[in-house]
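# Reading the structure
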Amino acid sequence: MNKKDDIRKFLVSRRANVTLAQAGLPDFGDERRVPGLRREEVAQLAGVSVDYYTRLERGNIHGASESVLNAIARALHLTDVEREHLLDLARPASAAAKAPGRTTAAVTVRPSVQRVLDSLAVPAVVYNARQDLVAANLLGRALFSPHFDSDRPNMARFIFLDSRAKDYYVDWPLACSLTAAMLRYEAGRDPLNAEVTELIGELATRSPQFRKDWADHDGHEHRTGRKVYGHPEVGDLDLTYDVFARLAELLEGTVY
């Protein structure tokens, strides 16, 4: 992945999503050749020069202060996750990999983590940055049983490459979009993670749907929400979920 190209496409795509009304700018009815805001309007809202913002949007973002990046995030109405993604993109690759909270990919968990999972009365799974399912309790394994048919179950591979995914995920297009956005977020957090990069390359090669969703340049971090699963054994399951990333770090240090 080309870092400067990622930065450019991310900022251009976010700029295109902001309307004049959202930005609090007057609409004089003039013809606009680009969707959303113009560069000069973003620069005005962020309190920087047009030349400086143009340089940032072209990918020359290293060295930009956090205060400037936060101002741009506000101007572009970025979510918290998108703002974090922008800050990650601005870090040199070595710094991003060493930033607090970064972990390496895991394929197993300690017995103590498994005991915690087994003590829960709800479905629970542990997955890493590249979405390998590395542990589960019995209910979690039952809920995601189609995923566990693989020797090394991976949520992203199942969603984009397994024909059963369209039935299992009732809103499959949303599952695809969020999964691609989660991988882009992780790639921005740790651009030197070869396993994440390898998975992205595999999905881009094998899945037209992934290529489409990846091109949206969205970033997403699972925290809480609702999903409807079309389970092959019990039918539709409408479930809410919460992600306990911090708990996993405290227990294991290598899982999410």
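This text follows the structure it describes.
Conventions we followed
- The residue count restarts for each chain, going from 1 along the sequence in the order it is written.
- Per-residue local features are limited, in this predicted model, to residues with pLDDT of at least 70; the limit for side-chain atom pairs, both in listing and counting, is 80 or more; totals at the level of whole chains, interfaces and linings are taken over all residues.
- Side-chain metrics rest on all non-hydrogen atoms present in the structure, leaving aside hydrogens and water.
- For helices the rule is a DSSP run of H or I covering at least 4 residues; for strands it is a run of E covering at least 2, with both sets numbered from the N terminus onward.
- Throughout this description, buried means an accessible area under 20% of the type-specific maximum (1.4 Å probe, protein chains only), exposed means over 50%, and partly exposed covers the range between.
- We call two residues in contact whenever any of their non-hydrogen atoms come within 4.5 Å of each other.
- Values of accessible area rely on a 1.4 Å probe in the Shrake-Rupley scheme; residue burial ignores everything except the protein chains shown.
- Nonpolar cores were defined as sets of buried Ala, Val, Leu, Ile, Met, Phe, Trp, Tyr and Cys residues, with membership established by side-chain atoms within 4.5 Å.
- For two strands to pair, DSSP has to find at least two bridges joining them.
- Angles shown run from 0 to 180 degrees and are taken between the N-to-C directions of axes, each axis being a line fitted to C-alpha atoms and, for helices, limited to the stretch in contact.
- Any angle that is under 35 degrees is reported as roughly parallel, and any over 145 degrees as roughly antiparallel; angles of 65 to 115 degrees are reported as roughly perpendicular and all others as oblique.
- In a left-handed crossing the near helix is turned counterclockwise from the far helix by less than a right angle, and in a right-handed crossing that turn is clockwise.
- Classification used: nonpolar for Ala, Val, Leu, Ile, Met, Phe, Trp, Tyr, Cys and Pro, charged for Asp, Glu, Lys and Arg, polar for all others including Gly.

### Here we look at the overall build of the protein
For the protein, the helix and strand inventory stands at 15 helices and four strands. In the protein, which comprises 256 residues, the proportion classed as buried is 45%. If you take every contact in the protein between residues at least 6 apart in sequence, the share linking residues at least 24 apart comes to 54%. Within the structure as shown, the protein displays about 13,300 Å² of accessible surface, and the carbon and sulfur contribution to it stands at 53%.

### Overview of the nonpolar core
Formed by 29 residues in total, the largest nonpolar core has its most connected members in F144, Y169, L183 and F210. Elements supplying a minimum of two residues to this core: β2 (133-136), α10 (155-161), α11 (165-168), α12 (172-189), α13 (194-206) and α14 (208-214). If you tally residues by element for this core, the top one is α12, at seven residues. Judged by nonpolar contacts, the second largest core, of 28 residues, contains V42, A71, L89 and A90.

### A word on the pairing of β2
Sheet analysis places strand β1 (residues 125-127) next to β2, joined by three bridges and oriented antiparallel. Bridge pairing in β2 places Y127 opposite L133. With antiparallel pairing between neighbouring strands as the criterion, β1 and β2 make up a hairpin whose turn holds five residues, including Q131 at a positive phi of roughly 70 degrees.

### A closer look at the packing of helix α1 (residues 3-16) against helix α6 (residues 80-90)
At a minimum axis distance of 10 Å, the contact between α1 and α6 shows a crossing angle of 150 degrees. Relative to α6, the element α1 is oriented roughly antiparallel. Between α1 and α6 lies a crossing of left-handed hand. Contact with α1, carried on its side by K3, I7, F10, L11 and R14, involves E82, H85, L86, D88 and L89 of α6 and no other residues of that element. For the contact of α1 with α6, the class distribution of residues is five nonpolar, one polar and four charged.

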